[in-house]
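# Structural features, examined
Residue strings, one per chain:
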Amino acid sequence: MKNILLLYLLGFIQVYSQDQQIDSLNVQKLEEVLVSSVRVNEDIPMAFTNVSKDQIEERNLGQDLPILLNFLPNVVTTSDAGAGIGYTAIRIRGINAQSTNVTINGIPYNDAESLGTFWVDLPDFSSSVENLQVQRGIGTSVNGSSAFGASINILTDKISKDPFFESNNTFGSYNTFKNTLRFSTGLINEVFEFSGRLSKIDSDGYIDRSTSDLKSYFLQFSYKKENTLIKFLNFGGHEITYHAWNGIDGETLQNDRRFNPSGLYTDLNGVQQFHEDELDNYKQDHFQLHWSEIINNNFTSNLGLNLTNGKGYYEQYNENGNEDFITRKWLDNQFIVVNYSLKYSKNKHNIILGSTYSEYDGDHFGETIWSQNSGDIEFTDLFYSGNGLKKDFSNFIKSVFQISSRLSMYTDFQLRKINYNTDGSTSNIPELKLDKKYSFFNPKFGLNFKLNKKNRLY
């Protein structure tokens, strides 16, 4: 009895009322139109790996998506908290994470200013991923930031023909708990579907005090009829994590490898303490609208609209002799995207045209919320305040020409323009003004030769 109970606690509970299968090839094709402009296939001379929903689900016990992709070639992942929950990062072919382009349904996800990808802002997003493609190396032209190291193109949940309700609960090391609820109405009158997910993840982390309190949601309303698919998606997350991003020296590593120096200070009595609220607290919400259309046997198109709102801060205890103080450094930003793609396929030709416009407007500011022996400091005063405005416009045309049954030729031309303006101050620069304009032309050319069903040269 004890063994049965143990297995029950360490396993996960999963309840399905129906399998998710769509018997309409037309709907499947329309779903793939969402990401067709940024993905490649075996006729294109690039290294890539497709990851299915089943492959993700068998590894998904609450860890962030980078950790679930650790089994792929050339992939190295890191976790600040040490348990794969909280702040995580991915490197592909040794290139830093800022050089990995990430798109969700063809919409850029990388932070427009830092180019980093903060997976912690979308906890348990893996539970809403239908499939994804990882391109290693420079890859094809994509929306958003450049992909010098790699690109990760994510497609979220497809339409479920049948209704279902699923409860998935995971219990693991370091007091880790993941609770996920998923549902779908199934296709109503063969036209409408509403589906969603709610998730809650808690973990103490492997590193001392590297706690994570993560909440997320995913809602999808779909309309499909004949050659038309319209999807409205609303998803996001709220993360509260204790700082665990500071490193330790070699001696500390040998003596106490789980030591976390974040929040450490010495009080007025000379006693070392840890600030309880040395936290990162950030909320992010995404709104996407996609319209995919099969125009005829040769043409398909997709229009995508996106609005992302993010706001939050990280709190720090700062030692300055007897004049210690606590600060919060805030981000308040908005990111809009409009993209369009048109695909032409006939006989030996495959051509994709695409355009993307994005605009990022981000406020950065800092406030002091507490101090000791600080004199006449006014907590209402911001000790820095600045704004960043980035506009990004790109156009590309990609084509695959089948020279023979085994040999294909690939061409790819992208023109990209960026305007970036900043105004204000930072925590260490009293006045920062930038007005930069960049233009990029990115041509690519390749040949792909299929030796057999399992091998190819490019």
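Keep in mind that what you see is a predicted model, and the values were worked out from it rather than measured. (Residues numbered from 1 in each chain as written. Predicted model: local features only at pLDDT ≥ 70, side-chain atom pairs only at ≥ 80, totals over all residues. Heavy atoms only, no water.)

So, on to the overall build of the protein. The helix and strand tally for the protein stands at five helices and 23 strands. Taken against the 2.2 N^0.38 rule, which gives 23 Å for 458 residues, the C-alpha radius of gyration of the protein at 24 Å falls within 12% of a compact globule. Carbon and sulfur atoms make up 54% of the accessible area of the protein, which totals about 22600 Å². For the protein, the distance from the average position of its 42 positive side-chain charges to the average position of its 54 negative side-chain charges is 14 Å. (Helix = DSSP H or I, 4+ residues; strand = E, 2+ residues; numbered from the N terminus. Rg over C-alpha atoms; globule rule 2.2 N^0.38 Å. Areas by Shrake-Rupley, 256 points an atom, 1.4 Å probe, with all protein chains shown as cover. Lys, Arg positive; Asp, Glu negative; His and termini not counted. Charge placed at Lys NZ, Arg CZ, Asp CG, Glu CD.)

Next up on the list: the confidence of the model for the protein. Parts of the prediction with low pLDDT should not have their coordinates interpreted in detail. Here the protein shows a mean pLDDT of 91. Residues at 70 or above account for 94%. In the model, residues 1-23 has pLDDT below 50 throughout and makes 41 contacts with residues more than four positions away in sequence or in other chains. (pLDDT = per-residue confidence, 0-100. Contact = heavy atoms within 4.5 Å.)

With that settled, the discussion passes to the layout of surface pockets. Taken as a whole, the largest pocket spans an internal volume of roughly 980 Å³. Looking at the largest pocket, it is lined by 46 residues, and the ones nearest its centre are D111, E113, L331, Y360 and H364. Those elements that provide at least two residues to the lining of the largest pocket are β6 (107-108), β16 (279-294), β17 (299-318), β18 (325-346), β19 (349-371), β20 (382-402) and β21 (407-424). (1 Å grid on protein atoms, 1.4 Å probe; cavity = no way out; pocket = protein on both sides within 12 Å on 5 of 7 lines; lining within 4 Å. Points joined across faces, edges and corners; volume = space filled by probe spheres on them.)

A word on the pattern of salt bridges. Counted by the stated rule, this structure contains 17 salt bridges. The salt bridge partner of E315 is R328, with a shortest N-O separation of 2.7 Å. Highlighted residues: E315 in strand β17 and R328 in strand β18, separated in sequence by 13 residues. Using a relative accessible area of 3% as the deciding quantity, one classes E315 as buried. Within this structure, K53, D157, E166 and R182 form a network of salt bridges that share partners. (Salt bridge = Lys/Arg side-chain N within 4 Å of Asp/Glu carboxyl O. Buried < 20%, exposed > 50% of the residue type's maximum accessible area, 1.4 Å probe, protein only.)

Taking strand neighbours across the sheet as the criterion, the five strands line up as β2-β7-β8-β5-β6 in an open arrangement whose pairing is mixed. Pairing within the sheet leaves two strands with one partner each, and these edge strands are β2 (47-52) and β6. Pairing between strand β5 (residues 100-104) and strand β8 (residues 150-156): five bridges, direction parallel. Across the sheet, N101 pairs through a bridge with S151, a residue of β8. (Pairing = 2+ DSSP bridges.)

Below, the discussion takes up the nonpolar core. If you look at the biggest cluster of nonpolar residues, it comprises 24 residues, and the most contacted ones within it are L69, F125, L132, I152 and I154. Of all the secondary-structure elements, those providing two or more residues to this core are α4 (65-68), β4 (88-92), β5, β7 (129-136), β8 and β13 (228-242). If near-sequence neighbours (up to four positions away) are discounted, F125 is found in contact with I104, I154, T156, R197, F218 and F235. (Core = buried A, V, L, I, M, F, W, Y, C linked by side-chain atoms within 4.5 Å.)

To continue, consider empty space enclosed by the protein. Scanning all chains against the criterion turns up six cavities of 30 Å³ or more. Taken as a whole, the largest cavity holds about 100 Å³ of empty space. A112, G144, S145, F335 and D392 are, among the 13 residues lining the largest cavity, the residues nearest its centre. Among the elements of the structure, β19 and β20 are those that each provide at least two residues to the lining of the largest cavity.

Along helix α2 (residues 25-33), the residues that are buried comprise V27, L30, E31 and V33. In an axial view of α2, the angular spread of the buried residues amounts to 155 degrees, which keeps them on one side of the axis. In this fold, the buried residues of α2 make contact with β8, β12 (212-225), β13, β16 and β17. (Arc of directions from axis to C-beta.)

Before going further, it helps to spend a moment on the packing of aromatic side chains. Taken as a whole, this structure holds 21 aromatic pairs when the rule is applied. Ring centres of Y109 and W119 lie 6.4 Å apart, and the angle between their planes is 50 degrees; on these two criteria the pair is classed as tilted. Note that Y109 is positioned in the loop between β6 and β7 and W119 in the loop between β6 and β7, a separation of 10 residues in sequence. Like Y109, the residue W119 is buried in the burial classification. (Phe/Tyr/Trp six-rings, centres within 6.5 Å; stacked < 30°, edge-to-face > 60°.)

With respect to the element layout, I44 can be found in the loop between α2 and β2. It is 9.7 Å that separates the C-alpha atoms of I44 and G139, two residues lying 95 residues apart in sequence. Those residues within four positions of I44 in sequence are excluded, and the remaining contacts are V400, Y410, N448 and R456.

This paragraph deals with unusual backbone geometry. Here L115, not a glycine, exhibits a phi torsion of approximately 70 degrees, which is positive. Structurally, the position occupied by L115 is in the loop between β6 and β7. Owing to a relative accessible area of 27%, L115 belongs among the partly exposed residues under this scheme. Not every positive phi belongs to a glycine, and N175 is a case in point at roughly 55 degrees. Assignment of secondary structure puts N175 in the loop between β9 (164-172) and β10 (176-184).

Positionally, D412 belongs in strand β21. Of the side chains bearing the opposite charge, K444 lies closest to the buried D412, which forms no salt bridge; the N-O distance is 4.2 Å. At 2.7 Å, the side chain of D412 and the side chain of S141 are in polar contact. (Polar contact = N/O pair within 3.5 Å; in protein donor to acceptor, adjacent residues only side chain to side chain.)

Another aspect to go through is the side chain of T411. Looking at the secondary structure, you find T411 in strand β21. When its relative accessible area of 17% is taken as the criterion, T411 is described as buried. A distance of 2.5 Å separates a polar atom in the side chain of T411 from a polar atom in the side chain of S399. With near-sequence residues (within four places) excluded, T411 lies in contact with I397, K398, S399, K444 and F445.

Here the focus is a nonpolar patch on the surface. Together, I188, F192, F194, L219, F221, I230, F232, L289, W291, L305 and V338 give the surface a local cluster of nonpolar side chains, amounting to about 900 Å² of exposed area. Of all the secondary-structure elements, those providing two or more residues to the nonpolar patch are β11 (192-203), β12, β13 and β16. Position of V338 among the secondary structure elements: in strand β18. (Patch = residues over 30% accessible without salt bridge, like charges linked within 9 Å, V, L, I, M, F, W, Y side chains within 5 Å.)

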